[in-house]
Amino acid sequence: MNYDKVCTEILEKIKTEEKKPTLLLQACCAPCSSAVLERLASFFSISMFFYNPNITEEREYEKRKEELQKFLSLKYPMITLLNCPYEKEAFLLKTKGLEKEKEGGKRCYACYSLRLEKAALVAKEHHFDYFGTTLSISPYKNSKWLNEIGEELAKKYQVSYLYADFKKKNGYKRSIELSHLYHLYRQDYCGCVYSKIEREQKKREESLAH
């Protein structure tokens, strides 16, 4: 399925409606959110949902959350940031037995499921019209998995899922441009302890190669 095309069709339909639907958008960080909001802000009444228990350290968690709040205050003051407690144990439990999986494998699928299900549940509880995520803007995230998970959760919780592949139409490139424009803190690893270890190992190998 062409998820970017499906997203465009949803947005075109929304343009014909009298009232903007509400969207709970799970956000991983400010850089990824920047380009996604640029595309969606005129179509939805959006609340950002910062639920990322995968982040390895609470200090890093708080830094990413504060950076997102700073960006929203500068660019989208009308958008509310809904915060969740730092639930590192939820991520460790969800990915138990998958610690040695490569980045982008089964552990990541479990992580997507954890974060999207929380978003779907909150969207249901607070009567949002849609829920979605910024994660597909990254070239390192599996958009097919994200959309399949979102589709199943939409059925489970009876809340519409916003299909998307935000990396399309140069979405990732745009997020980098906006990060530079607004001086956003940008990370070189996903957030979890396993991706951090893998990234540090790669840096060491590159250093030795030079």
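Values in this document were obtained by computation on a predicted structure and should not be read as measured data.

Moving on, we get to the environment of Lys70. You can see Lys70 is positioned in helix α3 (residues 58-75). In the structure, Lys70 is positioned 40 residues away from Ala30 in sequence and 8.5 Å away in space, judged by C-alpha atoms. There is a polar contact of 3.1 Å between the side chain of Lys70 and the side chain of Glu67.

Scanning the entire structure with this criterion turns up 11 aromatic pairs. Here Phe49 and Tyr51 contribute two aromatic rings whose centre-to-centre distance is 6.1 Å and whose plane-to-plane angle is 20°, an arrangement assigned as stacked. The same class applies to Phe49 as to Tyr51, namely buried. The side chain of Lys63 reaches across the aromatic face of Tyr185, ending 4.1 Å from its centre. When the ring centre of Tyr76 is taken as origin, the NZ or CZ atom of Lys75, which lies over that ring, is 6.0 Å away.

Okay, the side chain of Thr134 next. Tracing the backbone through its elements, the reader meets Thr134 in the loop between β4 (130-133) and α6 (143-157). Once you skip the residues sitting within four places of it in the chain, Thr134 turns out to touch Leu25, Gln26, Ala27, Cys28, Cys32, Ser33, Val36 and Met48.

Moving on to the pattern of salt bridges. Scanning the entire structure with this criterion turns up 14 salt bridges. When the shortest N-O distance is used, the salt bridge between Lys70 and Glu67 registers 3.1 Å. Pair noted here: Lys70 and Glu67 are both in helix α3, with a separation of three residues, about one helical turn. A relative accessible area of 11% means that Glu67 is categorised as buried. Between Glu177 and Arg174 there is a salt bridge, with its nearest N and O atoms 3.2 Å apart. Of the two residues, Glu177 and Arg174 are both situated in helix α7 (residues 171-181); the distance of three residues between them amounts to about one turn of the helix. Exposure remark for Arg174: the relative accessible area of 30% places this residue in the partly exposed category.

Okay, the environment of Gly132 next. Following the sequence through the fold, Gly132 ends up in strand β4. Here Gly132 falls in the buried class, since its relative accessible area comes to 0%. The sequence separation of Gly132 and Cys111 amounts to 21 residues, and the corresponding C-alpha distance is 15 Å. Excluding anything up to four places from it in sequence, Gly132 contacts Leu23, Leu24, Leu25, Gln26 and Tyr161.

With respect to the helices, strands and loops of the structure, Glu62 is situated in helix α3. Note: C-alpha distance between Glu62 and Tyr86 (24 residues apart in sequence) is 8.8 Å.

What counts as what
Residues numbered from 1 in each chain as written. Predicted model: local features only at pLDDT ≥ 70, side-chain atom pairs only at ≥ 80, totals over all residues. Heavy atoms only, no water. Helix = DSSP H or I, 4+ residues; strand = E, 2+ residues; numbered from the N terminus. Polar contact = N/O pair within 3.5 Å; in protein donor to acceptor, adjacent residues only side chain to side chain. Phe/Tyr/Trp six-rings, centres within 6.5 Å; stacked < 30°, edge-to-face > 60°. Buried < 20%, exposed > 50% of the residue type's maximum accessible area, 1.4 Å probe, protein only. Lys NZ or Arg CZ within 6 Å of the ring centre and 35° of its normal. Contact = heavy atoms within 4.5 Å. Salt bridge = Lys/Arg side-chain N within 4 Å of Asp/Glu carboxyl O.

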